[in-house]
Amino acid sequence: MTEQVSTTPAAPTDRPDDPRAALTALRAEIAKAVVGQDAAVTGLVVALLCGGHVLLEGVPGVAKTLLVRTLSTALSLETKRIQFTPDLMPGDVTGSLVYDARTAEFSFQPGPVFTNLLLADEINRTPPKTQSSLLEAMEERQVTVDGEARPLPVPFLVAATQNPVEYEGTYPLPEAQLDRFLLKLILPLPDRDQEFQVLSRHAAGFDPRDLTAAGVRPVAGPADLAAARDRIAKLTVSPEVLAYIVDICRATRQSPSLSIGVSPRGATALLNTSRAWAWLAGRDYVTPDDVKALALPTLRHRIQLRAEAEMEGVTADSVIQAVLAQTPAPR
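Fair warning: this is a prediction, and the values are worked out from it, not measured in the lab. (Residues numbered from 1 in each chain as written. Predicted model: local features only at pLDDT ≥ 70, side-chain atom pairs only at ≥ 80, totals over all residues. Heavy atoms only, no water.)

**A closer look at the environment of Asp121**
One can find Asp121 in strand β5 (residues 117-121). A residue is classified by how much of its surface remains accessible, and Asp121, at 9% relative accessible area, is buried. (Helix = DSSP H or I, 4+ residues; strand = E, 2+ residues; numbered from the N terminus. Buried < 20%, exposed > 50% of the residue type's maximum accessible area, 1.4 Å probe, protein only.)

Laid out in structure tokens, this is it:
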């Protein structure tokens, strides 16, 4: 199913120093290397604006890794990649104490989690013990080793990928960790025209490992993200829109197709993503349409289907769409 987040809305550049202009320029910059996937680009920007993390789901070969690498280049952010495997240990993610024979002391060697954009590739291929090593980093923005808390860089975003069709040798993410992801974005296969563009670029010499040659350059940076977050925090959210978010989330808890509905943390996440979307659209207030636009990617991984509903072909997205259709929106 095609991702339901819309492409980045047109944003006015009412002031030369408006970070909105820089962040909306990301889409064109990323398009130099990645064909399509506009919804995923928008979702990653929303996550950065909210300080959240993203779960990217798609079959191999739909540019998940390339998308994150290109985003980091266009934002002047450091990025690192971890290939999750069954033998990966928690210390391989967070770092560990290493004995230095010259000083006869232990020193901390930071792991790949100490970066701005962490690409956790095929996160469901590693056991739960290693998956959980990311929990503190994702929630607390720090790593504790030998009783000492070590803060992570700012900004910090985990973009974890998983294959939706291959389950052999995988470890499904527990609900507690799924809930730590702000968004779950679905990267679909390209249509015929997009696939033709991909092949045309490669035929012309495009090298996905050389983004500089592709013309990708920084168009925004951490300062733009910080300024944007300050402005998003000032957006007005009416009591009616707050009540609408509450009603949507409470309706999932009453759905006969679900064994687990959206938690209050999920409702807070929907509020935050809706505010970021409204700001990108150039408004200083949130509308019900903003909530609807972000409901699927924000909530789809926070609910759990009953076994009988899953056997009947019900999906998380179809349940959320039904809830949106049945929940009256304020005017």
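**Structural notes on a nonpolar patch on the surface**
The grouping of Leu97, Tyr99 and Phe106 at the surface amounts to a nonpolar patch, some 330 Å² of accessible area in total. Along the chain, Tyr99 falls in strand β3 (residues 95-100). Taking the relative accessible area as the measure of exposure, Tyr99 reaches 47% and is therefore partly exposed. (Patch = residues over 30% accessible without salt bridge, like charges linked within 9 Å, V, L, I, M, F, W, Y side chains within 5 Å. Areas by Shrake-Rupley, 256 points an atom, 1.4 Å probe, with all protein chains shown as cover. Salt bridge = Lys/Arg side-chain N within 4 Å of Asp/Glu carboxyl O.)

**Side note on the environment of Pro172**
Considering the arrangement of structural elements, one finds Pro172 in the loop between β8 (157-162) and α8 (175-178). Spatially, the C-alpha atoms of Pro172 and Gln162 are 9.5 Å apart, while their sequence positions differ by 10 residues.

**Topic: the pairing of strand β7 (residues 148-151)**
Here 4 bridges tie strand β6 (residues 142-145) to β7, and the two strands are oriented antiparallel to one another. The partner of Thr144 across the bridge, within β7, is Ala149. Hairpin remark: β6 followed by β7, antiparallel, with 2 residues in the connecting loop; positive phi at Asp146, about 55°. (Pairing = 2+ DSSP bridges.)

**Structural notes on the sheet that holds β8**
Taken together, the 5 strands give an open sheet; going across it, the order is β2-β5-β8-β1-β9, and neighbouring strands pair in parallel fashion. The open sheet terminates on both sides in strands that have one partner only, identified here as β2 (79-83) and β9 (183-186). Strand after strand, the sheet turns through a mean of 20° between neighbouring axes, direction not considered. Here 4 bridges tie strand β1 (residues 54-57) to β8, and the two strands are oriented parallel to one another. Its bridge partner being in β8, Val54 is matched across the sheet by Ala159. (Axes fitted to C-alpha atoms, helices over the stretch in contact; angles between N-to-C directions.)

**Brief notes about helix α15 (residues 316-326)**
Listed as buried for α15 are Ala316, Asp317, Val319, Ile320, Val323 and Leu324. Projection of α15 onto a plane perpendicular to its axis shows the buried side chains occupying an angular sector of 160°, all on one side. Of the exposed residues in α15, the ones pointing more than 90 degrees away from its buried face are Ala325 and Gln326. If you follow the buried residues of α15, they end up packed against α11 (239-253), β10 (258-260), α13 (288-299) and β11 (304-305). (Arc of directions from axis to C-beta. Contact = heavy atoms within 4.5 Å.)

**Examining the packing of helix α10 (residues 222-232) against helix α12 (residues 264-280)**
Axis separation between α10 and α12 bottoms out at 10 Å; the angle between their running directions is 105°. As summarised for this structure, α10 and α12 are arranged roughly perpendicular, according to the angle between their axes. Contact residues: α10 offers Ala228, Arg231 and Ile232, while α12 offers Arg275, Ala276 and Trp279. Its residues assigned to classes, the contact of α10 with α12 comprises 4 nonpolar, no polar and 2 charged. (Parallel < 35°, antiparallel > 145°, perpendicular 65-115°, else oblique. Nonpolar A, V, L, I, M, F, W, Y, C, P; charged D, E, K, R; others polar.)

**Comments concerning the packing of α12 against α13**
Relative orientation of the contacting elements α12 and α13 amounts to 130°, with a least axis distance of 9 Å. Regarding the angle of α12 to α13, the classification is oblique. Where α12 crosses over α13, the two elements pack in a sense that is right-handed. Taking contact as the criterion, the partners of Gly266, Ala269, Leu270, Thr273, Ser274, Trp277 and Ala278 in α12 are, on α13, Asp290, Val291, Ala293, Leu294, Ala295, Thr298 and Leu299. Classifying every residue of the contact of α12 with α13 by side-chain character gives 9 nonpolar, 4 polar and 1 charged. (Left-handed = near helix turned anticlockwise from the far one by under 90°.)

**Let's talk about the confidence of the model for the protein chain**
Averaged over every residue, the pLDDT of the protein chain is 87; residues scoring 70 or more account for 93%. Looking over the protein chain, one finds the lowest element-wise mean pLDDT in α8, namely 81, and the highest in α11, namely 97. Confidence drops under a pLDDT of 50 for residues 1-16, and excluding neighbours within four residues, the segment shows 47 contacts in the predicted structure. (pLDDT = per-residue confidence, 0-100.)

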